[in-house]
2 protein chains.
Amino acid sequence: MKREDSLKLSSQLCFPLYAASRELTKAYAPLLKEMGLTYPQYLVMMVLWEDGSASVKDLGESLCLDSGTLTPMLKKMESHGLILKTRDPEDQRSVIVSLTKKGSDFKERAYAVPAAMSCMIGLDEAEARSLYALTYKLLHALQAREQS
Amino acid sequence: MKREDSLKLSSQLCFPLYAASRELTKAYAPLLKEMGLTYPQYLVMMVLWEDGSASVKDLGESLCLDSGTLTPMLKKMESHGLILKTRDPEDQRSVIVSLTKKGSDFKERAYAVPAAMSCMIGLDEAEARSLYALTYKLLHALQAREQS
DNA sequence: TCAGATTTAATTTTATACAACCTTTTTGCC
DNA sequence: GGCAAAAAGGTTGTATAAAATTAAATCTGA
């Protein structure tokens, strides 16, 4: 690529990723609205549906989010009756997040979400698999960079 | 995929996209810091470096951002001396954004940014091209959905 | 054992994002 | 011309995000 093209928006790999990520969040919104969830909140719920409970640190590592984002988000989810927060008796620094009955029951309704989304992405299965692999590879490369 | 797996975080196509997008923004930050730009502001600058000037509507269409995001962002960029805002004499509704000398001069320094980023993404050229194509395909599919 | 280092959350500050709504201006259309 | 509809940008309210700082609890090595 010529130097003078390297600053064109259309040459950027990062821009469609950034834009598609935001459009995806917007596409999720109407599906999650009936459960009163936002997309990041839905991700927290997925971790909890799978693992039962998790510390704030665990959630942060799973979702690549820090406490500055999670703490206010979890506070809202708690006030909406989806989760409970308790201190770990073994280590009082750690806050354990778990599901309420309501939060747990939402799992059944949530199965409709990935089903509906798969119709919206406009990719066939091979493309979706390829995109999945590439975004994870990119994510891991960027995370490795953070250590140094 | 089995139904019970469909809500696992590791089955989601959207999550690595969402996480990688945020990690990318973080990776850009130190490169842009010396120019006092954030990643979204850098995108605005790229449009202006390429086109010279653009209305708020043009910027919104190019970057998939609405006035609720752009208006305060452009206000900051103006106060930092990077851009100018003038009303279009042809259409008083429209605000034309253009570069100051300082903003224009930053283009030379910015060539270092895509060069540095290409080393960070951990993808070879074929993978980068493939990811570019897939994210644009996804972006366009999601945008088409918005009309309906 | 106990002082310092580390870990874990919470808080604060700054900067997006987006939906919903509002104001001003322009455009159609009769 | 006159007026409804559309277009453009701004405003408000809510929800992330991330960096930097603080505070509390735990761990660790001399």
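Only a predicted model underlies this, so the values are computations on that prediction, with no experimental measurement involved. (Residues numbered from 1 in each chain as written. Chains lettered and ligands numbered in written order. Predicted model: local features only at pLDDT ≥ 70, side-chain atom pairs only at ≥ 80, totals over all residues. Heavy atoms only, no water.)

Broken down by element type, chain A carries seven helices and three strands. Along the first, second and third principal axes, the C-alpha atoms of chain A reach 60 × 40 × 25 Å. Within chain A, the proportion of its 148 residues that are buried is 47%. Contacts in chain A between residues at least 24 apart in sequence constitute 50% of all its contacts with a sequence separation of at least 6. For chain A, the computed accessible surface area is about 7400 Å², with 53% contributed by carbon and sulfur atoms. Taking the average place of the 19 positive charges on the side chains of chain A and the average place of its 19 negative ones, the gap between the two points comes to 6 Å. (Helix = DSSP H or I, 4+ residues; strand = E, 2+ residues; numbered from the N terminus. Buried < 20%, exposed > 50% of the residue type's maximum accessible area, 1.4 Å probe, protein only. Contact = heavy atoms within 4.5 Å. Areas by Shrake-Rupley, 256 points an atom, 1.4 Å probe, with all protein chains shown as cover. Lys, Arg positive; Asp, Glu negative; His and termini not counted. Charge placed at Lys NZ, Arg CZ, Asp CG, Glu CD.)

Note that an α-helix has 3.6 residues per turn; residues three or four places apart therefore point the same way. All names here are of chain B. In a regular helix each residue adds 1.5 Å, so 13 residues correspond to 18 Å; helix α2 (residues 39-51) covers 19 Å between its end C-alpha atoms and thus fits that length. Burial within α2 is extensive, with ten of its 13 residues counted as buried. When we look at burial in α2, the residues that qualify are Y39, Q41, Y42, L43, V44, M45, M46, V47, L48 and W49. Trailing α2 by a residue or two, G52 shows a phi angle of about 85°, which is positive. (Expected span 1.5 Å × (residues − 1).)

As a structural note, the neighbourhood of DNA strand C is formed by 26 residues, with Y18(A), S67(A), R93(A), T38(B) and Q41(B) the closest of them. When the atoms of DNA strand C within 4 Å of the protein are sorted by group, sugar and phosphate make up 75%. The backbone of K57(A) places a nitrogen or oxygen atom 2.9 Å from a phosphate oxygen of DNA strand C. Take T38(B): an N or O atom from its side chain is 2.6 Å from a phosphate oxygen of DNA strand C. Within the residue set of the surface near DNA strand C, elements represented by two or more residues are α1 (14-33), α3 (56-63), α4 (67-79) and β3 (91-99) of chain A together with α2 and α4 (67-79) of chain B. (Near = heavy atom within 4 Å. Polar contact = N/O pair within 3.5 Å; in protein donor to acceptor, adjacent residues only side chain to side chain.)

The next point concerns α1(A). Over its 20 residues, α1(A) runs 29 Å from end to end, which matches the ideal 28 Å to within 8%, given 1.5 Å per residue. Burial runs high along α1(A): 14 of the 20 residues are buried.

A separate point is the side chain of Q41(A). Within the element layout of this structure, Q41(A) appears in helix α2 (residues 39-51). What makes Q41(A) buried here is its relative accessible area of 6%.

Time to look at the sheet that holds strand β3 (residues 95-99) of chain B. Residue and element names in this part refer to chain B. Spatial strand order, β1-β3-β2: three strands in an open sheet with antiparallel pairing. Lying at the two open borders of the sheet, with one neighbouring strand each, are β1 (53-55) and β2 (83-87). Averaged over all pairs of adjacent strands, the angle between strand axes in this sheet comes to 25°, irrespective of strand direction. As judged from the three bridges shared by β1 and β3, these two strands associate in the antiparallel manner. Looking at β3, one finds that S53 is bridged to S98. (Pairing = 2+ DSSP bridges. Axes fitted to C-alpha atoms, helices over the stretch in contact; angles between N-to-C directions.)

The subject of this paragraph is the relation of the copies chain B and chain A. Turning chain B through 180° and shifting it by 0.0 Å along the axis lays it on chain A, with an RMSD of 0.1 Å. Both copies are brought into coincidence by an operation consistent with a two-fold rotation axis. Interface overlap between copies is the fraction of interface residues in one copy that are interface residues in the other; for chain B against chain A it reaches 100%, indicating a shared surface. (Least-squares fit on C-alpha atoms with pLDDT ≥ 70 in both.)

Take the side chain of E23(B) next. You can see E23(B) is positioned in helix α1 (residues 14-33). Classification of E23(B) by relative accessible area gives buried; the value is 2%. In contact with E23(B), not counting residues within four places along its chain, are C64(A), L139(A), L142(A), Q143(A), R145(A) and E146(A).

Take the protein's contact with DNA strand D next. As a matter of local geometry, DNA strand D sits amid 26 residues, with T38(A), Q41(A), Y18(B), K57(B) and S67(B) nearest to it. The sugar and phosphate moieties of DNA strand D supply 76% of its atoms located within 4 Å of the protein. K75(B) has a polar side-chain atom sitting 3.5 Å from a phosphate oxygen of DNA strand D. Within the side chain of R93(B), an N or O atom sits 3.3 Å from a sugar or linking oxygen of DNA strand D.

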